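Coordinate inspection notes
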Number of protein chains: 2
Amino acid sequence: MIGEIIAIGDELTSGRTLNTTSGYAARRLFDAGHTIHAMSTIGDSPSLIGEALLQAIGRVDFIIVTGGLGATDDDLTNEAVSQALNRPTMPNLEILARIRRHLQRRQAAPDDPLEKLAWLPSGAEAFDPSSPIAGYQLVHDQTPIFFLPGVPEEMTDLLDRIVLPKLTAWQSGSGLQTCQRIYKSFGLAESEINRRIRALQLPASIKIGYYPVFPDVHVSVLIREWDTGAATKLFADACRRVETALGNAVYGRDSDELEHAVGRLLKNSGHWLAAAESCTGGLLAHRITRVPGSSCYFLGGAVAYANRLKADLVGVAPGLIERWGAVSTQVAEAMAVGIRERCQADIGIGITGIAGPEGGTPAKPVGTVFIGIAEPDGCRVTQHLFSGSRHRIQTLAAHNGLNLLRLHLQANTSGR
Amino acid sequence: MIGEIIAIGDELTSGRTLNTTSGYAARRLFDAGHTIHAMSTIGDSPSLIGEALLQAIGRVDFIIVTGGLGATDDDLTNEAVSQALNRPTMPNLEILARIRRHLQRRQAAPDDPLEKLAWLPSGAEAFDPSSPIAGYQLVHDQTPIFFLPGVPEEMTDLLDRIVLPKLTAWQSGSGLQTCQRIYKSFGLAESEINRRIRALQLPASIKIGYYPVFPDVHVSVLIREWDTGAATKLFADACRRVETALGNAVYGRDSDELEHAVGRLLKNSGHWLAAAESCTGGLLAHRITRVPGSSCYFLGGAVAYANRLKADLVGVAPGLIERWGAVSTQVAEAMAVGIRERCQADIGIGITGIAGPEGGTPAKPVGTVFIGIAEPDGCRVTQHLFSGSRHRIQTLAAHNGLNLLRLHLQANTSGR
């Protein structure tokens, strides 16, 4: 089915809040085999909301509207729907009774704005009357319209739990088959990836997309066919060839992140990791510990931001810092080796650099970063020069640190 | 002026990539006094691109189009514009010459896809012919249309550096005055904030917006008036009253983040901070060190993820962990006190908890977090129970840690 997503809120059109829910909905709908015709974002204005809704009703099979369902004065979606579709708002008695019980317990004033939550356009079917802002469905001119809260966690939960199954039920069994895989790569430029994939001369039904998602490039391999058997075969073949063409620049697929790839390699090899970070200030450790189960391969480490802590917590000889400077091959090596020993880890990583905006010198400008990786046989240090903001330099330093760990682990465990 | 933003890319309508550029553009345009009528996102389809463009030309004063300008095969914006506006593509000779020089140096094939970048719809005025995908401007039916790359860094740079000044020049001096301030708050529910602000009975021309931006609530105070003097006075008065009503739940304004507030308080009080983190895995240290200049008040600390490191790096007595468990008031206190002493800091923070999804027990379920803050006079530990995913629990633990530091510093320095 073809759908449209309408997000409502002045906080979105003024750029105050980033619209993340539309993208999530698009992704989930796409994966379920639907096509999104358009996504629009409009302010809390009843006339604009009505206009967008009427236009969408004429051209797509279903509509998802997010935002503007709350109790504050700037939540105007229900009024707008009521006017545009000529459906007066009526109280949903179950929701109203629940709100009144809640207000009584709190001994609130009788005209509390919360009561507004119970008034829905006529014909609205609340998804869950036990929750006041749980959203509702309307069917207008044979078009199902789903109204969901704008708060990302509530919206994504309802979309997955209620809207997607309802759409599947609505759709009368179309047999369109969609296969998609995203290869996530780091280290090759988008143009180089494009060149390598063009050279494969893949069949026309395979659609390739290139998405630079800083600091990675994502490559999408997609097929949409009515004939399931042929599609599956073509798709598997295309994936194999793309994978070969991109080599070890690919670190994962679909929802994989670089820290997942590193985690898998550590887990499979049975190696324990420890980290000593200076300019990244804990970002590498944070990324590793975002992954559930990371306590099975990550011991911890130090954020040795001040030079004194590089000595006290990591065991870097103070003479090294005096002689070579805190941002140097020697100190990166001492950090990696030192944290490995202090934590009794198998692998130690040390990162030291100048994230800026202050602290650069002609010999070591802002963006200079040294990354050391220590293992029982020794330590290898690489030097990098990143450009851009402090945030960008910190992101690139942590990302390169993770990628160096990945390549190190791949090289050392591939023979097993 | 009233504008519209159109973002192009299958990666956006399939939800593969989050559209961040439209929100950025909306914010910057809003701050410059413009109003965004609508923002739409459409796929790489020439017919949809043309339709959206023609519709926008009829109803707004300016249009910003992002994405689809690159050299890969799925970049179709220029073809779509050419068809929809009946403007055949022509090579921009300056860009073409530059690309050919570049290709010669690289000894690439003569039909390299990069040459595509030089072919623009007729009438297009390239912003910067020395850069191949720098974007361009068209004026169609008296409507200026700005075409910008979809890559966020390139897009935001061009918007700020070229598009905003061009729009200002285009606009014939309207005198509409916009004042807006965002108060960023943590710790009060949106409904409670709404209740407090309603009670102020602010003048009708003051527009208040409530934006839950997890885990904060942002409150926008806005006025748009033709009479500059009156607007400024009304606005200042409303801000003062909102600020008083929200009290110390407000940690900052506009682009402030919680870590900026903590950083300012540390800097002003001359206190040095050190952190020992377990379940947050470095997230608190990372957030503090995101702020430029944080090396003037943050020493560093330990990511004591494994219990052994809580003893070795932070000095927690192993007996404490055996007796009370790693997630306990006692260990949070020992971590805060221990890291303060090891790092010779003025203030130590210790965070220990169960981020999940594994590791919970009936007595200490997933989401249990203890946060200790140690100073020369002693240590205070608070216990929290957060719900949701691992990511959510880690985010809330670090955010509460920062907020506790803020409240501690505010209480201890307010009397000075």
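Residues numbered from 1 in each chain as written. Chains lettered and ligands numbered in written order. Predicted model: local features only at pLDDT ≥ 70, side-chain atom pairs only at ≥ 80, totals over all residues. Heavy atoms only, no water.

Structural notes on the overall build of chain A
Of the regular secondary structure elements, chain A holds 14 helices and 17 strands. Looking at chain A as a whole, 56% of its 416 residues are labelled buried. Residue pairs at least 24 apart in sequence account for 66% of intrachain contacts in chain A once pairs closer than 6 positions are excluded. With 39 positive and 42 negative side-chain charges, chain A shows a spacing of 7 Å between the two charge centroids. (Helix = DSSP H or I, 4+ residues; strand = E, 2+ residues; numbered from the N terminus. Buried < 20%, exposed > 50% of the residue type's maximum accessible area, 1.4 Å probe, protein only. Contact = heavy atoms within 4.5 Å. Lys, Arg positive; Asp, Glu negative; His and termini not counted. Charge placed at Lys NZ, Arg CZ, Asp CG, Glu CD.)

Description of the packing of helix α9 (residues 258-269) of chain B against helix α14 (residues 390-413) of chain B
Residues and elements named next belong to chain B. Contact geometry for α9 and α14: axes closest at 9 Å, N-to-C directions at 35 degrees. As α9 runs across α14, the sense of the crossing is left-handed. Across the interface between the two elements, L258, E259, A261, V262, L265, L266 and S269 from α9 touch H399, L402, N403, L405, R406, L409, Q410 and T413 from α14. Here the residues of the contact of α9 with α14 sort into 8 nonpolar, 5 polar and 2 charged. (Axes fitted to C-alpha atoms, helices over the stretch in contact; angles between N-to-C directions. Left-handed = near helix turned anticlockwise from the far one by under 90°. Nonpolar A, V, L, I, M, F, W, Y, C, P; charged D, E, K, R; others polar.)

Quick look at the packing of helix α2 (residues 21-31) of chain B against helix α6 (residues 152-170) of chain B
Residues and elements named next belong to chain B. Packing of α2 against α6 brings their axes to within 11 Å, and their N-to-C directions diverge by 25 degrees. The angle between the axes of α2 and α6 places the two elements in the roughly parallel class. Crossing of α2 against α6: the hand is right-handed. Of the residues in α6, those touching α2 at T21, Y24, A25, R28 and L29 are P152, M155, T156, L159, D160, L164 and L167. Classifying every residue of the contact of α2 with α6 by side-chain character gives 8 nonpolar, 2 polar and 2 charged. (Parallel < 35°, antiparallel > 145°, perpendicular 65-115°, else oblique.)

A short note on the environment of A:R253
Residues and elements named next belong to chain A. Relative to the helices and strands, R253 resides in strand β12 (residues 250-253). Its relative accessible area of 37% is what places R253 among the partly exposed residues. A C-alpha to C-alpha distance of 5.4 Å links R253 and I182, two positions 71 residues apart in sequence. Ignoring any residue separated from it by four or fewer positions in sequence, one finds R253 in contact with R181, I182, Y183 and E243. For R253, the side chain forms a polar contact with the side chain of E243, separated by 3.4 Å. (Polar contact = N/O pair within 3.5 Å; in protein donor to acceptor, adjacent residues only side chain to side chain.)

What to know about empty space enclosed by the protein
Under the defined criterion, the tally for this structure stands at 3 cavities of 30 Å³ or more. If you go around the largest cavity, you meet 16 residues; those closest to its centre are A:N19, A:T41, B:N19, B:S22 and B:T41. Secondary structure elements with two or more residues in the lining of the largest cavity: α2 (21-31) and β2 (35-42) of chain A together with α2 and β2 (35-42) of chain B. Among the residues making up the lining of the largest cavity, the classes are represented as 6 nonpolar, 10 polar and no charged. (1 Å grid on protein atoms, 1.4 Å probe; cavity = no way out; pocket = protein on both sides within 12 Å on 5 of 7 lines; lining within 4 Å. Points joined across faces, edges and corners; volume = space filled by probe spheres on them.)

Digging into the sheet that holds strand β1 (residues 2-8) of chain B
Spatially, β6(A)-β7(A)-β8(A)-β3(A)-β1(A)-β2(A)-β2(B)-β1(B)-β3(B)-β8(B)-β7(B)-β6(B) is the arrangement adopted by the 12 strands of the open sheet, whose pairing is mixed. For this open sheet the edge positions go to β6 (125-126) of chain A together with β6 (125-126) of chain B, each flanked by a neighbour on one side alone. As paired elements, β1(B) and β2(B) share 7 bridges and run parallel to each other. Note on β2(B): the bridge partner recorded for B:I5 is B:M39. (Pairing = 2+ DSSP bridges.)

Considerations on the interface of chain B and chain A
Taken together, the contact between chain B and chain A spans 81 residues of the former and 81 residues of the latter. Between chain B and chain A, the buried area comes to about 6,700 Å², and carbon and sulfur atoms account for 52% of it. Among the residues chain B hides against chain A, the three largest losses belong to B:R16, B:Y211 and B:Y305. Together they make up 10% of the total. Between A:K207 and B:D10 there is a salt bridge, with the nearest N and O atoms lying 2.6 Å from each other. Linking chain B with chain A are 29 residue pairs in polar contact (both at pLDDT 80 or more), by the criterion used here. (Buried area = accessible area lost by both parts, 1.4 Å probe. Salt bridge = Lys/Arg side-chain N within 4 Å of Asp/Glu carboxyl O.)

What to know about the packing of aromatic side chains
All names here are of chain A. Within the structure shown, the criterion is met by 4 aromatic pairs over all chains. Seen from their ring centres, Y136 and F147 are 4.7 Å apart, and the 20 degrees between their planes marks the pair as stacked. Taken as a pair, Y136 in strand β7 (residues 136-140) and F147 in strand β8 (residues 143-148) lie far apart in primary sequence, 11 residues in all. Of the two residues, Y136 and F147, both sit in the buried class. (Phe/Tyr/Trp six-rings, centres within 6.5 Å; stacked < 30°, edge-to-face > 60°.)

Digging into the environment of A:A304
Relative to the helices and strands, A:A304 resides in strand β14 (residues 298-304). Considered as a pair, A:A304 and A:T329 are 25 residues apart in the sequence and their alpha carbons are 16 Å apart.

Considering the relation of the copies chain B and chain A
Mapping chain B onto chain A is achieved by rotating through 180 degrees and translating by 0.1 Å along the same axis, at an RMSD of 0.1 Å. Taken together, the turn and the small shift mark the pair as related by a two-fold rotation axis. Most of the interface of chain B is mirrored in chain A, where 100% of its interface residues again form contacts. (Least-squares fit on C-alpha atoms with pLDDT ≥ 70 in both.)

Description of the domain arrangement of chain A
Residue and element names in this part refer to chain A. When the domains of chain A are assigned, the result is domain 1 (2-170), domain 2 (177-253) and domain 3 (262-413). The partner domain 3 presents 10 residues to the 8 residues of domain 2 that form the contact. Of the roughly 730 Å² buried between domain 2 and domain 3, counting both surfaces, carbon and sulfur atoms make up 63%. Applying the counting criterion to the domain 2 and domain 3 interface returns 0 salt bridges. Along the contact surface separating domain 2 from domain 3 lie 3 residue pairs in polar contact (both at pLDDT 80 or more). Partitioned by chemical class, the residues of the side of domain 2 that touches domain 3 number 6 nonpolar, 1 polar and 1 charged. (Domains from an automatic or database assignment.)

Some words on the nonpolar core
Counting 66 residues, the largest nonpolar core has A:F298, A:I349, B:F298 and B:I349 as its most contacted members. With residues up to four places along the chain from it excluded, the contact list for B:I349 reads B:L273, B:A274, B:A275, B:A276, B:L284, B:A336, B:I339, B:I371, B:G372, B:I373, B:G401 and B:L405. Counting residues in each nonpolar core, the second largest holds 36 residues, with A:A304, A:L313, B:V331 and B:M335 among its members. (Core = buried A, V, L, I, M, F, W, Y, C linked by side-chain atoms within 4.5 Å.)

What to know about the pattern of salt bridges
Per the counting criterion, the structure on display carries 31 salt bridges over all chains. For B:R392, the salt bridge goes to A:E153, with nearest N and O atoms at 2.8 Å. Of this pair, B:R392 sits in helix α14 while A:E153 sits in helix α6 (residues 152-170), placing the two residues on different chains. Across the pair B:D160 and B:R28 runs a salt bridge, and its minimum N-O distance is 2.9 Å. Here B:R28 lies in helix α2 and B:D160 lies in helix α6, a separation of 132 residues in the sequence. What makes B:R28 partly exposed here is its relative accessible area of 31%. Several salt bridges share partner residues, and in doing so they unite A:E4, A:R59 and B:E51 into one network.

Topic: the sheet that holds strand β13 (residues 273-277) of chain B
Sheet architecture is open: 10 strands sit in the order β17(A)-β16(A)-β15(A)-β13(A)-β14(A)-β14(B)-β13(B)-β15(B)-β16(B)-β17(B), paired in mixed fashion. Looking at which strands have only one partner, the edges of the open sheet turn out to be β17 (378-385) of chain A together with β17 (378-385) of chain B. Taking each pair of neighbouring strands and ignoring which way they run, the sheet shows an average axis angle of 10 degrees. Inspection of the sheet shows strand β16 (residues 368-375) of chain B paired to β17(B) by 8 bridges, in the antiparallel sense. In the strand pairing of β17(B), B:F370 is matched with B:Q383. Across the face of the sheet, helix α14 (residues 390-413) of chain A comes into contact with β13 (273-277), β15 (347-353), β16 (368-375) and β17 of chain A while running at roughly 30 degrees to β16(A).

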